[in-house]
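# Observations on the model geometry
Each chain is listed here by its residues.
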2 protein chains.
Amino acid sequence: MRTIAKHSAARDLNDDCAVLELGTETLILTHDTMVEGVHFLPGQSGEDLAWKLVASNMSDLAAKGAMPLGVLLAYQLGSDDADFLRGLEASLQHFGAVLLGGDTVSANGPRSLGLTAIGTATHCPVPSRAGAKPGHGLWITGPVGAALIGFEALKTSSGDSSFYRRGQALLTEGQALAPLVSAMMDVSDGLLLDARRMAEASRVTIAIDRNAVPIATPEQRRDEALTWGEDYQLLFTAPADAALPCPVHRIGTVRERGPEPLLLDGVAPTGKLGFEHG
Amino acid sequence: MRTIAKHSAARDLNDDCAVLELGTETLILTHDTMVEGVHFLPGQSGEDLAWKLVASNMSDLAAKGAMPLGVLLAYQLGSDDADFLRGLEASLQHFGAVLLGGDTVSANGPRSLGLTAIGTATHCPVPSRAGAKPGHGLWITGPVGAALIGFEALKTSSGDSSFYRRGQALLTEGQALAPLVSAMMDVSDGLLLDARRMAEASRVTIAIDRNAVPIATPEQRRDEALTWGEDYQLLFTAPADAALPCPVHRIGTVRERGPEPLLLDGVAPTGKLGFEHG
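Residues numbered from 1 in each chain as written. Chains lettered and ligands numbered in written order. Predicted model: local features only at pLDDT ≥ 70, side-chain atom pairs only at ≥ 80, totals over all residues. Heavy atoms only, no water.

## Considering the overall build of chain A
- Secondary structure summary: chain A contains eight helices and eleven strands in total.
- Projecting the C-alpha coordinates of chain A onto the three principal axes gives extents of approximately 50 × 50 × 40 Å.
- Within chain A, the proportion of its 278 residues that are buried is 58%.
- In chain A, once contacts between residues fewer than 6 apart in sequence are set aside, the share between residues at least 24 apart is 83%. (Helix = DSSP H or I, 4+ residues; strand = E, 2+ residues; numbered from the N terminus. Buried < 20%, exposed > 50% of the residue type's maximum accessible area, 1.4 Å probe, protein only. Contact = heavy atoms within 4.5 Å.)

Now the structure itself:
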């Protein structure tokens, strides 16, 4: 939403979610679109696509500590609609959301699939990526790189591709962490890119200890694991002595904003930090 | 959402909107997707597209008597993004909604644009298309065929195309009518098609008096006006003696369900009734 943000009076459009206070409730709203050939492989099974579409939106809700209510689907009819519906049902059931409605269209060309997810906040203020404070610690809920290994398994048809095809959204962890964190987001586009986004939004510098990051790849592929996305782990900051309610990994520290927003072992990382959306 | 409805436990997916009760509020949610070459002309101005996308969703809210809160945009970057943003700002301001968030993607191929609109109900129960009762009258808020005339003006670059390019959503009328109607929907796909959908959803027969329908076209094009969409007039049923709060046109009567769901001057209409989505 970067393009739009510059031209609109609406708030915090760089965040993945919108927060809407309504009576006594606080709603969390998010929308993800996936385009064939950009966000998924041409020919990938409809069941996989549905799961990915749901999981990526649920992960946005997880990072807000939200409880899912339901989804609206924007579906472009394709060749494997029955597969898609099977994956949609399975994933919605898995994450505890219901299909509320949406729109179905016929079209030629690459398929474009959209999902709007709606949840309610379980804790206010709702965590955002903009709250990281100097002196706080930086944690991640689990290893990065699992989706990378799964993606390669799918492309080569050898090995276990489930970490790529059946991404998890850490809704329970997000709800447990929400009252304790100063900033939180999901790592959907690569740890380094997302950490830099958190640093920019919070106007701080985030320093990551490269070897402290848990990875699901062999050690020699550590750099790839740190820049690949779609693992949907939660990245968050909290006071260094916070009593955290679930297994997490301390991977860095928040500092006053210096010349660089992101440091990896004390140096600004160069090259591709993650998956940059259009 | 017909395809999905068969496979899902969620309710009333054939309706254009989802109704979600949340604490003391009732939310109305709707999502429309428009695909280049299907829902809009290739090359049509981004400003027009933005307006149409917003107006069509706002019209869905209008039919529920809802007050708009905001929208989430799924935007595929194209060649006229600045135009699109101009139209988006103008239309959101016009209809009283704000941009809450969304997703922007880059992709090749025909553009696909989606919008989720969120509103709050001003009257409960929220009007649906399924409530028409035998003996009730059928009304429409204004003429059909204006968008058809505007579309032709745009294609031929002669005459006033504003009724096509700047569709109105009758939010004020919808809110005023909501407490009085037994069924309501917007006429977005053609009067005859939408009236049949109302009859099917309500399990009644709807009888329309052909010459009572106000039209914006010359008389010899009456049949086209009755099957063209995008005028966003509100079609509703109410007790025959209802004191209606805004200027409306009585165009028919609800009957017990007979062999045909829709009668035009006593006969089931044949041929194309409107714009059938994929």
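Now that the structure is up, let's keep going.
## What to know about the state of the cysteines
Residues and elements named next belong to chain A.
- If you walk through the whole model with that rule in mind, you get zero disulfides over all chains.
- Sulfur of Cys-17: no disulfide; nearest cysteine sulfur belongs to Cys-124 and is 13 Å away.
- On the basis of relative accessible area, Cys-17 is assigned to the buried category, the value being 8%. (Disulfide = S-S within 2.5 Å.)

## A look at the sheet that holds strand β1 (residues 17–22) of chain A
Residue and element names in this part refer to chain A.
- An order of β1-β2-β5-β3-β4 is seen for the five strands of this open sheet, with the pairing classed as mixed. Two strands close off the open sheet at either side, each with one partner strand: β1 and β4 (98–105). On average, each strand axis in the sheet is inclined to that of its neighbour by 20 degrees, with strand direction left out of account. (Pairing = 2+ DSSP bridges. Axes fitted to C-alpha atoms, helices over the stretch in contact; angles between N-to-C directions.)

## With respect to the side chain of Lys-52 of chain B
- One can find Lys-52 of chain B in helix α2 (residues 46–62).
- Beyond its immediate sequence surroundings of up to four residues, Lys-52 of chain B is in contact with Met-34, His-39, Tyr-164, Glu-230 and Tyr-232 of chain B.

## A word on empty space enclosed by the protein
- Under the definition given, this model contains six cavities of 30 Å³ or more.
- If you add up the space inside the largest cavity, you get close to 80 Å³.
- Along its surface, the largest cavity is lined by 15 residues, and Thr-33 and Ser-112 of chain A together with Ala-74, Ser-112 and Gly-114 of chain B are the ones closest to its centre.
- When residues of the lining of the largest cavity are traced back to their parent elements, those giving at least two are β2 (25–35) and β5 (112–121) of chain A together with β2 (25–35), β3 (66–76) and β5 (112–121) of chain B.
- Partitioning the lining of the largest cavity into residue classes produces six nonpolar, nine polar and no charged. (1 Å grid on protein atoms, 1.4 Å probe; cavity = no way out; pocket = protein on both sides within 12 Å on 5 of 7 lines; lining within 4 Å. Points joined across faces, edges and corners; volume = space filled by probe spheres on them. Nonpolar A, V, L, I, M, F, W, Y, C, P; charged D, E, K, R; others polar.)

## Re the packing of helix α2 (residues 46–62) of chain A against helix α3 (residues 81–95) of chain A
Residue and element names in this part refer to chain A.
- The contact between α2 and α3 brings their axes to 6 Å, and the two run at 30 degrees. Relative to α3, the crossing made by α2 is right-handed. For the pair α2 and α3, the contacting residues are Gly-46, Glu-47, Leu-49, Ala-50, Trp-51, Leu-53, Val-54, Ala-55 and Met-58 in the first and Asp-83, Phe-84, Arg-86, Gly-87, Leu-88, Ala-90, Ser-91, Leu-92, His-94 and Phe-95 in the second.
- Among the residues forming the contact of α2 with α3, the class breakdown is twelve nonpolar, four polar and three charged. (Left-handed = near helix turned anticlockwise from the far one by under 90°.)

## Some details on the nonpolar core
Residues and elements named next belong to chain B.
- With 42 residues, the main nonpolar core has Met-58, Val-71, Leu-73, Phe-84, Leu-88 and Phe-95 as its most contacted residues.
- When contributions to this core are tallied by element, the ones reaching two or more residues are β2, α2, β3, α3 (81–95), β5, α6 (171–177) and β9 (233–238).
- With nine residues, the top contributor of residues to this core is α2.
- Residue contributions to this core reach at least three from each of two domains, namely domain 1 (2–121) and domain 2 (137–264). (Core = buried A, V, L, I, M, F, W, Y, C linked by side-chain atoms within 4.5 Å. Domains from an automatic or database assignment.)

## Thoughts on the sheet that holds strand β4 (residues 98–105) of chain B
Residues and elements named next belong to chain B.
- Reading across from one edge, β1-β2-β5-β3-β4 is the order of the five strands in this open sheet, with mixed pairing throughout. Looking at the sheet topology across the chains shown, the edges are occupied by β1 (18–22) and β4. Strand-to-strand twist in this sheet, taken as the mean axis angle between neighbours without regard to direction, amounts to 20 degrees.
- Strand direction decides the pairing type here: β3 and β5, joined by eight bridges, are antiparallel. Residue pairing for β5: Ala-74 is matched across the bridge by Gly-114.
- Taken strand by strand, α2 contacts β2, β3 and β5, and its axis lies near 145 degrees from that of β2.
- The strands touched by α3 within the sheet are β3, β4 and β5, with β3 carrying the most contacts at an inclination of about 170 degrees.

Note that all results are geometric; they support no functional claim without further evidence.
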